Amino acid sequence: MRIVDLRSDTLTRPTDAMRAAMAAAEVGDDVFGEDPTVGALEARAAELAGKEAALFVPSGTMANLIACKLHTQPGDEVLVERTSHLYRYEAAGFAVYAGVSVALIDGTRGLLAPDQIAPVMRMHDVHQARSRLLWLEDTHNAGGGSCYPLDQLAAVVEAGRANGLAVHLDGARVWNACIAQDVSLTAIARHVDSLNFCFSKGLGCPVGSVLVGPRPFINDARHIRKMLGGGMRQAGVLAAAALHALDHHVARLADDHRHAAILAEGFDGLAGLRVRRPVETNIVLLDTSASAYTPMELVGTLIGAGIRCLPLTATTVRLVTHLDVSRADVEHAIATARDIVRSKIPPSP
Ligand SMILES: Cc1ncc(COP(=O)(O)O)c(C=O)c1O
């Protein structure tokens, strides 16, 4: 059976060219600061973001945790969107390892508006946690790959700063935002104090993320990374994959976005399924509430025919396009779904 795997953009396998770059990497012990390829990657990431320094880490989750820990003290509070990856999908690491609380804000497709900051700020009072950090996510995963328009990003950040908050951007998929909006990484990164982005998602690497920010912040991040067990030795083989991805896999994200748009057209209205609009990048959310299916049932039906996808919420199924999904795969997924996904059968009289 032909398989089209739309569960996540983390499923990509390294291309032959990427594997060749990995095999050829010059390496050293990066915990000793002696891996030249990791050094080159960190310098490149910092330059692309227009920040002073960068740190290569094993995962987006670790980058987020380190950022959370460095911007706060235990007992502080982070202002974060309710469906953010930090809050929903990182096993409450922020609470366990950074010792912080969260003030949850309901975004629109995961995105915050400037007037949502002041109302959740805590009073300066011994009874209260201290509001310290504003946490943004771009593109927003559970929001359906949504991107902050730059003026909205600037305004939200300004509202945070006016309230004395530091600002971190979880940019696991920020390159998708850059491509969708045709802006440089610097144009986004200049608004925030620190950010991270992942190589292991749309960029198609097996492992790795980078945390970017001011040099003292990154020096401290290196210390926390070691504490968390994230110091890697001959990590140049992984950094070489990341450098290869920056050279070859950024512009092609536009293909993933086109494929997502085709999927959206193909699935919208099928047996009562509704696509959450707009579809801006590589994530398509299907709302099942007006269909005969629960997300689990729909996913089960599609998987049975080789079309893999994920239930996201009680009413949502997620489809993600990536390097290992071609236009033909997307068309096959739509044709298959049209064959097997059935409309609601009206109850018999
Ligand atoms: C927005 C966002 N942030 C962080 C992460 C965590 O990345 P990792 O899986 O590398 O820990 C993800 C993973 O999907 C994500 O979507």
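Coordinates for the structure precede this section.
Residue positions are counted from 1 within each chain, in the order its sequence is given. Given that the model is predicted, a residue must reach a pLDDT of at least 70 before its local features are reported, and side-chain atom pairs must reach 80 or more before they are shown or counted; all residues, however, enter totals for whole chains, interfaces and linings. Hydrogens and waters are ignored; side-chain quantities use all the structure's heavy atoms.

## What about the pattern of salt bridges?
Where charged atoms from two side chains of opposite charge come close, those side chains can pair.
And step 1. Basic side-chain nitrogens of Lys or Arg form a salt bridge, by our definition, when they fall within 4 Å of a carboxyl oxygen of Asp or Glu. Throughout the structure, instances matching the rule amount to 22 salt bridges.
And step 2. For Arg173, the salt bridge goes to Asp9, with nearest N and O atoms at 2.8 Å. In this pair, Arg173 sits in the loop between strand S6 (166-170) and helix H7 (174-181) while Asp9 sits in the loop between strand S1 (4-5) and helix H1 (16-23), placing the two residues 164 residues apart along the sequence.
And step 3. Note on classification: 1.4 Å probe, protein chains only; a residue is buried when its accessible area is under 20% of the maximum for its type, exposed when over 50%, partly exposed between these limits. For Arg173, a relative accessible area of 6% corresponds to the buried category.
And step 4. Under the relative-accessibility criterion, Asp9 is labelled buried at 0%.
And step 5. Because the salt bridges share partners, they merge into one network encompassing Glu265, Asp268, Arg274 and Arg277. Secondary structure counts use DSSP, requiring at least four H or I residues in a row for a helix and at least two E residues in a row for a strand, with both numbered from the N terminus.

## Observations concerning the packing of helix H2 (residues 36-49) against helix H10 (residues 236-248)
And step 1. Fitted lines through C-alpha atoms serve as axes, helices being fitted only where they are in contact, and the angles separating the N-to-C directions of these axes extend from 0 to 180 degrees. Running from amino to carboxyl end, H2 crosses H10 at an angle of 35 degrees, the nearest separation of the two axes being 8 Å. The two elements H2 and H10 meet at a crossing, and its hand is left-handed. Contacts between H2 and H10 involve Thr37, Val38, Ala40, Leu41, Arg44 and Leu48 on the former and, on the latter, Gly236, Ala239, Ala240, Ala242, Leu243, Leu246 and Asp247. The hand of a helix crossing depends on one turn: near helix anticlockwise from the far one by less than a right angle means left-handed, and clockwise means right-handed. Note on definitions: a residue-residue contact is assigned when non-hydrogen atoms from the two residues lie within 4.5 Å.

## A short note on unusual backbone geometry
And step 1. Asp138 connects to Thr139 through a cis peptide bond whose omega is 0 degrees.
And step 2. Tracing the backbone shows Thr139 in the loop between strand S5 (130-137) and helix H6 (150-162).
And step 3. Residue Arg277 is joined to Pro278 through a cis peptide bond whose omega torsion reads -5 degrees.
And step 4. Mapped onto the fold, Pro278 is located in the loop between strand S9 (274-275) and strand S10 (283-287).
And step 5. Backbone geometry at Ala92 places phi at a positive 60 degrees, although glycine is not the residue there.
And step 6. Looking at the element boundaries, Ala92 is found in the loop between helix H4 (85-88) and helix H5 (93-97).
And step 7. Judged by relative accessible area, which is 31%, Ala92 ranks as partly exposed.
And step 8. Within the chain, Arg109 stands out as a residue other than glycine whose phi angle is a positive 50 degrees.

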